[in-house]
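Structure at a glance
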Amino acid sequence: CLFCLQFLRVTKQYLPHVARLCLISTFLEDGIRMWFQWSEQRDYIEATWSCGYFLATIFVLVNLLGQLGGCILVLSRNFVQYACFGLFGIIAMQTIAYSILWDLKFLMRNLALGGGLLLLLAESRSEGKSMFAGVPTMGESSPKQYMQLGGRVLLVLMFMTLLHFDASFVSILQNIVGTALIILVAIGFKTKLAALTLVVWLFAINVYFNAFWNIPAYKPMHDFLKYDFFQTMSVIGGLLLVVALGPGGVSMDEKKKEW
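Reading the values: rules and limits
- Residues numbered from 1 in each chain as written.
- Predicted model: local features only at pLDDT ≥ 70, side-chain atom pairs only at ≥ 80, totals over all residues.
- Heavy atoms only, no water.
- Helix = DSSP H or I, 4+ residues; strand = E, 2+ residues; numbered from the N terminus.
- Buried < 20%, exposed > 50% of the residue type's maximum accessible area, 1.4 Å probe, protein only.
- Contact = heavy atoms within 4.5 Å.
- Phe/Tyr/Trp six-rings, centres within 6.5 Å; stacked < 30°, edge-to-face > 60°.

Moving on, we get to the side chain of Gln231. Relative to the assigned elements, Gln231 resides in helix α11 (residues 220-245). Residue classification places Gln231 among the buried residues on the basis of a relative accessible area of 1%. Those residues in contact with Gln231 that sit more than four places away from it in its chain are Thr26, Arg109, Asn110, Leu113 and Met158.

Let's shift gears to the packing of aromatic side chains. Under the definition given, this model contains twelve aromatic pairs. Seen from their ring centres, Phe85 and Phe88 are 6.2 Å apart, and the 50° between their planes marks the pair as tilted. Here the residue Phe85 and the residue Phe88 both occupy positions in helix α5 (residues 80-97), the gap between them amounting to three residues, near one helical turn. With relative accessibility at 38%, the residue Phe85 sits in the partly exposed group. We classify Phe88 as partly exposed; its relative accessible area is 23%. Between the aromatic rings of Phe212 and Phe229, the centroid separation amounts to 5.5 Å while the plane-to-plane angle is 65°, which identifies the pairing as edge-to-face. With Phe212 in the loop between α10 (191-209) and α11 and Phe229 in helix α11, this residue pair connects regions lying 17 residues apart in the sequence. What makes Phe229 buried here is its relative accessible area of 11%. One aromatic cluster in this structure is built from Phe212, Trp213, Phe229 and Phe230.

Following this line, the structure appears as structure tokens:
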């Protein structure tokens, strides 16, 4: 599409940097929160899991250092693959520790966050030099392209948590348009345009519904909205990577070139 080409031409220099910053924003915010809410986080884990003071402290320390360290590596473009795997581990650990596994909405959002990391891993993986060297591939597709496919599919889970099942015209319209866009991203058809549209839509929803800056810092809702805001920004970062890099080889856009 002409609009996407023009947008990419103008933003080519800095779009991947903005995408990476958005993507790691939730880890950066959570790592800083671990520092300022050290005692509360430790006490919560100790009370929830009865694991004792020492193990609860180790949990908070690993979260703090793992997230901030991973963010630094990603932004500096050093050992990005190892940083991604470390952040994958943080997501898995938090999913279990905070009982997210049993909350479908938060589980889907964590999986979407994992999809963003998968796209970041694909971006950092140079062809021919990888920890996957020697792994057989199917046809002409490389592991990088399957990472991009997996990342796209996981990213759209975020939007499934935003669908509202009521009879109002606005909700029905949002559901129809949103569903169409996430299907386009998942299958890789008109991918850049669909992903860019989702970025705009999701950013508007995020600013409107997760305006944590309007809530006093001492209220629990402030932290809840802040967490949700930055997690959503990370998914926006993943979508910006799709806009910057394209859908990869396992997509309808790529197959169209062969027709």
